[in-house]
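Examination of the molecular architecture
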Amino acid sequence: MRDRIPTPSPPAPSRRRVLRGGLALGASGAAALTATGCGSTLAQGFTGGAPSPSRLNFWNPFTGGDGERMLAMQDAYRASHRSVDLKSATFLWGNPYYTKLTLATLGDRPPQAAVIHLSKLPTLAEAGLLTALHPEDLARHGLTEDKFDARPWRKSQFNGKPHAVPLDTHPFVLYFRTDIAEKAGLLDNKGQLADVDGPDAFIDVLRAAKEVTGAWGGSIASVKDASMQFRIFWSLYRQIGGGDLVADQGKRVVIDTAAAAEALAYIRRLSEEKVIPANTDGKGAITLLTTGKAGFLMDGVWQALAVQSAKVKFDMRPLPRIFKDAPYACAADSHALVLPKAPSAKAQRLDLSLGFAASMLHSSKLWAEGGHVPAWLPTQRSRAYEELEPQSHYATAADGAVYDPAAWYGGAGGTMQTVVGDVVTTVFTGDASPTAGAARLRRELRTLASRPAPV
Amino acid sequence: MLLPFALFYLVFLVGPLIYTVIAGFFDTSLLRSGLGDFAGLSNYKAVLGDAEFWRTLGNTLWFTVLTTVPLVVLSLVLALLADRFVRGRWFFRFAFFAPFVLPSAVVSLLFMFIYADQLGLAQEAVKWFGVDTPPSWLGDPDWAMLSIAAATVWWTVGFNFVLYLAGLQDVPREVHEAAAIDGAGPWQRIRHVVVPMLGRTTTLVTVLQVIASLKVFDQIYMMTSGGPDGSTRPSLQLIYDTGFVEGRVGYASTVSLLLFVVILFVSLVWFALVRRAEKEN
């Protein structure tokens, strides 16, 4: 390369001009935002003003199959409410969702309606993030107490006032392969599982299935799934009559370590007697059932479609009554619609939001197909739902639904599920004894309870 | 040019840092606006007395050791090997660097498939070598951290590799030739000529690697979310969990600040050691 004459570059804009240009751009942008009113979400984000009157912002954490049905339910709403501009935002479920919901509400930019888990309601309501609902407002939209399943309705109350409109109950249930159960001689003449109740009976049933499958009797997620381990523990612990784990919104530990040790000992029995594998993750547990390597699966109802898509013969029923010391219990949670507290009544859109909630409930049948037991009694008691199989077969489980203990560190995906579930896993895999596990549970819960509450 | 940079620096680095320092002295909550009640040093006392803080710090340091050593040694070896090729050198450079461009989510997903129980490649592979009951790579507390470290090494070795390659370009041909004429074999040339001349690169690579490893979060969060039984939970996840899951921002701020001090301390000690070694030479 010899002396090349450099081509003159275009005169560089001076710093001042760039800055001035940037400012002008920003100013015109702001002007445009004000000019269009507060129509766009972007504008609302900057100014904190209320969105246009026809706008309804709705947040939900549903992806996958639930997400699809939620979209269909929204379409049904749009078809009957053409004047409303429904903008729905879907987030990945779990803690990031609750963090966003909390921060948006604290920052005065909440959606008008949102979905939460009822196990999270005590904390969110105590923090003052939810609008209390008045019975007369609810009644205006046909949402009266007598139309809701009792348990989720009761759980929607905070300080004696409704703070949420329950959509469903999703309990921890038992899936079983009807073909395997039949071969093992476990079905009665109506095709129902005969003797599954009782500690020994359930293990006998699993063992019979194991003989048919040649691999395992049943399956449950234990690897990387502390929540599922929490659910089986919580169900058994409640059936034994252990009562609550914590009281006073999580400030006091009231765990019954004897009952906890008994529940843990039974969970250990399942892996020790080799009827359930102790090294399966969530997907693996389902695969064992659908590939016929296990006859039973203990999982949440929300997996109904995942199992159904494998096109194998299966049925579902409530979790067996292993212990008879207390009323029937199975771990469960509920989805519910809430109205996050808006900075003004204008931004709250009470009637628009409640109308939307009512419309969601009217689509309960669609929602129930995904496995959730509808909280809306007109649907739950309808012929159409009864004919929905296997979804209607475990609807009674909702009567025994026990929610996670009310504590600021509890609830869906919360610290308590992780902490308790981790301990249960160590017992299930045989790394710790049931009594040591129960003692550790109390210790860990006390550590959690001793922390200053953020609400 | 300075003004926009200073503005961003203030808004996105200095500002949050100051807020973190202040929030550490308050019972700041995510669920309430404002700083909350003044807590004095109680957060610091609680954090230093919290067994979970020390355990996560231990996990973080363990991960740092598990990744830094192979990431420095392996990248040097790979760079030396790749440098020897005359034809097709671009391919080896590309092949070793390629994993580094993958996002952490992709790497995590990939290795979750590989490490999967019953169906995964890693379990299948050890079965070929006669292990009948392979461990649950991500589900066994004894193996989870090792598995994640192995995935991390595969993923990030390319970055150090490139730094070493650049360092190798700076070793003059004449030195190689002089050593060869003096009768040094290839291995002796590497050991006594090339590696010492890469000293500065090694310092840089090690410091960058230690800092990167101490800040581990993504792949652990996605692959095990700190489990099983908290055996892989790094300090950053403790900060995330207490701050965003439990909403205890004040406490989380204190932990972040202490982690910041630890990283600063480790880096300074390392630099001091290297500086002294350089002076002695």
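Residues numbered from 1 in each chain as written. Chains lettered and ligands numbered in written order. Predicted model: local features only at pLDDT ≥ 70, side-chain atom pairs only at ≥ 80, totals over all residues. Heavy atoms only, no water.

If you trace the backbone, Pro152 of chain A turns up in helix α7 (residues 150-155). In this structure the C-alpha to C-alpha distance between Pro152 of chain A and Gly241 of chain A, which are 89 residues apart in sequence, comes to 21 Å. (Helix = DSSP H or I, 4+ residues; strand = E, 2+ residues; numbered from the N terminus.)

Bringing the nonpolar core into the picture now. All names here are of chain A. The biggest cluster of nonpolar side chains holds 80 residues, and the ones touching the most others in it are Phe233, Leu245, Leu270 and Met298. Setting aside residues no more than four positions away along its own chain, Phe233 makes contact with Leu245, Ala260, Ala263, Leu264, Ile267, Val420, Val424 and Leu441. Counting residues in hydrophobic clusters, the runner-up holds 48 residues, among them Leu56, Phe62, Tyr98 and Trp153. (Core = buried A, V, L, I, M, F, W, Y, C linked by side-chain atoms within 4.5 Å. Buried < 20%, exposed > 50% of the residue type's maximum accessible area, 1.4 Å probe, protein only. Contact = heavy atoms within 4.5 Å.)

So, about empty space enclosed by the protein. Where empty space is left becomes clear once a probe the size of a water molecule has been rolled over the atoms. Counted according to the given criterion, the structure contains four cavities of 30 Å³ or more. Volume-wise, the largest cavity comes out at about 200 Å³. Forming the boundary of the largest cavity are 18 residues, of which Tyr98, Lys120 and Thr123 of chain A together with Leu31 and Val245 of chain B lie nearest the centre. Taken together, the elements giving at least two residues each to the lining of the largest cavity come down to α4 (95-106) and α5 (121-126) of chain A together with α12 (235-245) of chain B. The residue makeup of the lining of the largest cavity, split by class, is eight nonpolar, eight polar and two charged. Two domains each donate at least three residues to the lining of the largest cavity, and these are domain 1 (51-166 + 335-374) and domain 2 (172-330 + 405-450) of chain A. Size it by volume and the second largest cavity reaches roughly 40 Å³. What lines the second largest cavity is Phe202, Ile232, Leu236, Tyr266, Leu270, Met298, Leu319 and Ile322 of chain A. (1 Å grid on protein atoms, 1.4 Å probe; cavity = no way out; pocket = protein on both sides within 12 Å on 5 of 7 lines; lining within 4 Å. Points joined across faces, edges and corners; volume = space filled by probe spheres on them. Nonpolar A, V, L, I, M, F, W, Y, C, P; charged D, E, K, R; others polar. Domains from an automatic or database assignment.)

All names here are of chain A. Considering all chains together, one arrives at 24 salt bridges over all chains under this definition. Of the charged contacts in the structure, one is a salt bridge between Asp137 and Arg140, with a shortest N-O distance of 3.1 Å. Placement of both Asp137 and Arg140 in helix α6 (residues 135-140) is noted, with a separation of three residues, approximately one turn of the helix. We note a salt bridge from Glu444 to Arg440, for which the minimum N-O separation is 2.9 Å. (Salt bridge = Lys/Arg side-chain N within 4 Å of Asp/Glu carboxyl O.)

To continue, consider the interface of chain A and chain B. Each partner contributes residues to the interface: chain A has 28 residues there, and chain B has 22 residues. Scanning the region where chain A abuts chain B turns up three salt bridges. Note that Asp229 of chain B is salt-bridged to Arg440 of chain A, the shortest N-O span being 2.8 Å. Connecting chain A to chain B are five residue pairs in polar contact (both at pLDDT 80 or more). Where the side of chain A that touches chain B is concerned, the elements lending two or more residues are α1 (15-35), α4, α19 (415-428) and α20 (434-450) of chain A. Ranked by residues supplied to the side of chain A that touches chain B, first place goes to α4 of chain A with six residues. Here the residues of the side of chain A that touches chain B sort into 13 nonpolar, nine polar and six charged. (Polar contact = N/O pair within 3.5 Å; in protein donor to acceptor, adjacent residues only side chain to side chain.)

Following the sequence through the fold, Asp431 of chain A ends up in the loop between α19 and α20. Taking C-alpha positions, Asp431 of chain A is 48 Å from Pro378 of chain A, a pair spaced 53 residues apart along the chain.

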